[in-house]
Amino acid sequence: MYDTSVIIIDSGNDINGALFSLDLSTNAVKEAKARGYNLIVTHHPAIYGGISRICANDAVAQCVKEGISVISMHLNFDAAPEGIDYHLMKGLGGDKAEILSPVTGGGYGRAYEIYSIAFSEYVEKIKSTFSSQRVLAYGEEKSIKKVASFCGAGYDDNAMNFAVAQKVDLFVSSDLKHHEITALLTRGLNVIHLTHYSAENYGFNKIYLKIREELKVPSAYFCDGTLL
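Reading the values: rules and limits
Residues numbered from 1 in each chain as written. Predicted model: local features only at pLDDT ≥ 70, side-chain atom pairs only at ≥ 80, totals over all residues. Heavy atoms only, no water. Pairing = 2+ DSSP bridges. Helix = DSSP H or I, 4+ residues; strand = E, 2+ residues; numbered from the N terminus. Axes fitted to C-alpha atoms, helices over the stretch in contact; angles between N-to-C directions. Contact = heavy atoms within 4.5 Å. Buried < 20%, exposed > 50% of the residue type's maximum accessible area, 1.4 Å probe, protein only. Right-handed = clockwise from strand over helix to strand, strands pointing away. Arc of directions from axis to C-beta. Disulfide = S-S within 2.5 Å. Core = buried A, V, L, I, M, F, W, Y, C linked by side-chain atoms within 4.5 Å.

Participant: Could you clarify how one ought to interpret the sheet that holds strand S10 (residues 190-194) in this entry?
Facilitator: With mixed pairing, the six strands of this open sheet are ordered in space as S5-S6-S8-S9-S10-S7. Two strands close off the open sheet at either side, each with one partner strand: strand S5 (98-103) and strand S7 (136-138). Between one strand and the next, the sheet's axes are offset by a mean angle of 20°, whatever the strand orientation. Here five bridges tie S5 to strand S6 (residues 106-118), and the two strands are oriented antiparallel to one another. In the sheet register, Pro 102 faces S6, and the bridge partner there is Gly 107. Helix H7 (residues 178-186) contacts S7, strand S9 (170-174) and S10 of the sheet and is inclined by roughly 150° relative to S10.

This is the structure:
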């Protein structure tokens, strides 16, 4: 699968501080500048595909101008042991899981049991855990005992077939289209649609909290509340 998990911008300078942010945004650049940090670590690639033009106000251009390096770690962080997809499961109340696409020690797409909980109550719990009110819930009121979750834009036919085969009560992901939600409901699954940001910011922050003491430079985590 095509991806850009790499050093995106190399300023050539020694690192004096690192700001972790899900995206390379102008707000993240402002935060790094305010702190005097010259490295931004993102999950989403700062440059994903080819670019045809750069404007002076773009985040990439501002980083080059200010001597701020950028490292992006995307799909490798999704599927890493205790990576983004793993932490989405943990936030949703899971522990041990069947994995759709396993890799050594990790993987992507999980199905797991949780403590039985009413659907409406579970929705409110998720809003609190992921600090987001932008949670869309579809389906009937019933007890939720087994969940399938996929971080980011995690829906495809394989994901749906995996969830159905695992006999889950609920499908959780982001960026779902209308016909995808309809297909899941038709197969008897309830659906929770998280924002892409809240589904992945949760895990990226957990990874930062785990490694920050090992960085040996000042660091901070930037959360863009407008996207939660």
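Once you've had a look at it, read on.
Participant: When you look at the pairing of strand S2 (residues 18-21) in this model, what are you seeing that I'm missing?
Facilitator: Within a regular beta strand, the side chains point alternately toward one face of the sheet and then the other, so they alternate between its two faces. Neither face of S2 is left uncovered, since the one carrying Ala 18 and Phe 20 and the one carrying Leu 19 and Ser 21 both have all their residues buried. Pairing between S2 and strand S3 (residues 39-42): four bridges, direction parallel. By the bridge assignment, Phe 20 is partnered in S3 with Val 41. In this region the chain leaves S2, passes through helix H1 (residues 26-35) and returns to the parallel neighbour S3; the handedness of that crossover is right-handed.

Participant: Would you mind going over helix H5 (residues 119-129) with me for this structure?
Facilitator: Because an α-helix completes one turn every 3.6 residues, residues spaced three or four positions apart along the sequence face the same direction. Within H5 the residues assigned to the buried category are Phe 119, Tyr 122, Val 123, Ile 126 and Lys 127. Across the axial projection of H5, the buried residues extend over an arc of 145°, all falling on one side. Opposite its buried face, H5 presents the exposed residues Glu 121 and Ser 128, each directed more than 90 degrees away.

Participant: Which parts of the structure should I look at to understand the state of the cysteines?
Facilitator: As used in these notes, a disulfide is a covalent bond between sulfur atoms, one from each of two cysteines. The final tally for this structure, using the stated rule, is zero disulfides. As a non-bridged cysteine, Cys 63 has Cys 55 as the owner of its nearest cysteine sulfur, 15 Å distant.

Participant: Help me understand the pairing of strand S4 (residues 69-72), please; the structure alone is not making it clear to me.
Facilitator: Of the strand pairs in this sheet, strand S1 (residues 6-9) and S4 are connected by three bridges, and their pairing is antiparallel. What sits directly across from Val 6, in S4, is Ser 72. Where S3 and S4 come together, four bridges link them in parallel fashion. By the bridge assignment, Thr 42 is partnered in S4 with Ser 72. The handedness of the S3 to S4 crossover, carried by helix H2 (residues 59-66), is right-handed.

Participant: Any chance you could explain the nonpolar core here in plain terms?
Facilitator: The tendency in soluble globular proteins is for nonpolar side chains to be buried side by side. With 35 residues, the main nonpolar core has Tyr 122 and Ile 192 as its most contacted residues. The residues contacting Ile 192, other than those within four sequence positions of it, are Phe 119, Tyr 122, Val 123, Ile 126, Val 135, Leu 136, Leu 170, Phe 171, Val 172 and Ser 173. Counting residues in hydrophobic clusters, the runner-up holds 16 residues, among them Ile 9, Leu 19, Tyr 37 and Ile 68.

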